[in-house]
Amino acid sequence: MVKPKIAPSMLSSDFANLASEAERMIRCGADWLHMDIMVSHFVPNLTIGAPVIESLRKHTQAYLDCHLMVTNPIDYVEPFAKAGASGFTFHVEVSKDNWQELVQKIKSKGMKPGVSLKPGTPVEEVYPLLDGDNPVEMVLIMTVEPGFGGQKFMPEMMEKVRVLRKKYPSLDIEVDGGLGPSTIDLAASAGANCIVAGSSVFGAPDPAHVISLLYKSVENAQKSS
Ligand code: DX5
Ligand code: ZN
């Protein structure tokens with residue numbers, strides 16, 4: 001059975017105190033730290049790049065789950081590997097022509113390759129990336145339009161999670177966007193095991209409580225499946 005992993009999205013953290021925010025999340029029980037890398041060619045926002053990952057890496061041993069919302073992910077594999085990224089998740093919408101080379105490169109640099117889909121992208125588009133010789137190791141289903149934290153969860157995306165979980169029982173399936181105490185059961189029962197949560201964790205008076213609630217929801221759903 002795939003392990004539950006709760007990944008607070010550092011996009012909702014105080015970027016001016018990134019190292020202490022990361023440490024606080026790990027103390028609160030986070031399994032991974034989700035890092036949103038955005039450029040405005042792909043989403044209507046700009047966030048952080050490899051230099052910030054490199055700085056953060058000096059302060060934490062945590063698994064840095066990097067979600068690249070960029071149009072040219074292949075150009076970032078080397079800089080992110082050097083900076084200390086752990087997971088490298090790219091978007092399928094921009095990688096149709098070179099995903100094989102991309103996955104190979106990510107693996108050769110010792111990072112875990114993942115592929116993400118925007119809400120409008122059909123789940124079938126990732127099958128080739130899972131069924132070939134050199135598969136990705138995680139699928140990230142966006143449950144909001146990528147670009148910003150604090151948006152409303154799209155329950156209709158759960159069908160993608162269900163279909164994927166049925167076809168790939170031991171795959172890491174991550175959901176990202178609008179996850180929190182009121183939406184986690186939908187995602188967990190559909191089969192998601194990696195949960196990204198930004199505003200619901202950072203906005204809570206007791207983030208440790210929210211992290212443990214998310215974790216337990218995934219665990220319970222797995223027990224009863
Ligand atoms: C959105 C990002 C998310 C975002 C999630 O494009 O990929 O990781 O930070 O934030 P919440 O949990 O607030 O929806
Ligand atoms: Zn993300």
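Residues numbered from 1 in each chain as written. Chains lettered and ligands numbered in written order. Predicted model: local features only at pLDDT ≥ 70, side-chain atom pairs only at ≥ 80, totals over all residues. Heavy atoms only, no water.

Peer 1: Explain the nonpolar core here, please?
Peer 2: Nonpolar side chains tend to gather and get buried jointly when the protein is soluble and globular. Of all hydrophobic cores here, the largest spans 69 residues; its most connected members are Met35, Phe90, Val126 and Leu164. Counting five residues, the second largest nonpolar core, distinct from the first, contains Ala7, Trp32, Met138 and Val196. (Core = buried A, V, L, I, M, F, W, Y, C linked by side-chain atoms within 4.5 Å. Buried < 20%, exposed > 50% of the residue type's maximum accessible area, 1.4 Å probe, protein only.)

Peer 1: Is there a simple way to explain the coordination of the zinc ion (ligand 2) in this structure?
Peer 2: Each angle at a metal carrying four tetrahedral donors should ideally be 109.5 degrees, and each at a metal carrying six octahedral donors should ideally be 90 or 180 degrees. Binding of the zinc ion (ligand 2) to the protein goes through His34 (NE2), Asp36 (OD), His67 (ND1) and Asp176 (OD), at separations of 2.1 to 2.3 Å. One can describe the donor arrangement at the zinc ion (ligand 2) as octahedral, given that its six donor atoms subtend angles of 68 to 167° at the metal. Along the chain, the residues donating to the zinc ion (ligand 2) fall in the pattern H-x1-D-x30-H-x108-D. Highlighted residues: His34 in strand 2 (residues 32-38) and His67 in strand 3 (residues 63-69), separated in sequence by 33 residues. Of the two residues, His34 and His67, both sit in the buried class. (Donors = N, O, S within 2.8 Å, 3.2 Å for Na, K, Ca; no water. Tetrahedral: all angles 85-135°; square planar, octahedral: opposite > 155°, others 65-115°. Helix = DSSP H or I, 4+ residues; strand = E, 2+ residues; numbered from the N terminus.)

Peer 1: What's the story with the side chain of Ser200 in this structure? I'm lost.
Peer 2: One can find Ser200 in helix 8 (residues 199-202). A polar contact is formed between the side chain of Ser200 and the backbone oxygen of Leu179, at a distance of 2.8 Å. Setting aside residues up to four positions removed in sequence, Ser200 forms contacts with Leu179, Gly180, Pro181 and Val210. (Polar contact = N/O pair within 3.5 Å; in protein donor to acceptor, adjacent residues only side chain to side chain. Contact = heavy atoms within 4.5 Å.)

Peer 1: Mind showing me how you'd approach the site of ligand 1 here?
Peer 2: Near ligand 1 you find 20 residues, and of these Ser9, Asp36, Gly147, Asp176 and Ser199 are the closest. Gly178 is positioned with one of its backbone polar atoms (N or O) 2.8 Å from an oxygen atom of ligand 1. The contact in question runs from an oxygen atom of ligand 1 to an N or O atom on the backbone of Gly198, over 2.7 Å. Protein burial of ligand 1: of its 380 Å² of free accessible surface, 100% is covered by the chains. If you list the elements that add at least two residues to the shell around ligand 1, you get strand 2, strand 3 and strand 8 (194-197). Here the shell around ligand 1 takes three residues from strand 2, the largest share from any one element. A breakdown of the residues in the shell around ligand 1 according to their chemical character gives eight nonpolar, 10 polar and two charged. (Near = heavy atom within 4 Å. Areas by Shrake-Rupley, 256 points an atom, 1.4 Å probe, with all protein chains shown as cover. Nonpolar A, V, L, I, M, F, W, Y, C, P; charged D, E, K, R; others polar.)

Peer 1: Would you explain the pattern of salt bridges in this entry?
Peer 2: When their charged atoms lie close together, side chains carrying opposite charge are able to pair. Overall, the coordinates contain seven salt bridges when judged by the stated rule. Between Glu21 and Arg24 there is a salt bridge whose closest N-O contact spans 2.9 Å. Here Glu21 pairs with Arg24, and both are found in helix 1 (residues 18-27), just three residues apart, close to one helical turn. Glu21 gets classed as buried once you look at its relative accessible area, which sits at 10%. With a shortest N-O distance of 2.8 Å, Asp172 and Lys112 are connected by a salt bridge. With Asp172 in strand 7 (residues 172-176) and Lys112 in strand 5 (residues 112-117), the pair connects residues that are 60 residues apart, well separated along the chain. Residues Asp172 and Lys112 agree in their burial class; the two are buried. Salt bridges linked by common partners bring Lys5, Lys112 and Asp172 together as one network. (Salt bridge = Lys/Arg side-chain N within 4 Å of Asp/Glu carboxyl O.)

Function cannot be read off these values alone, since they describe shape.
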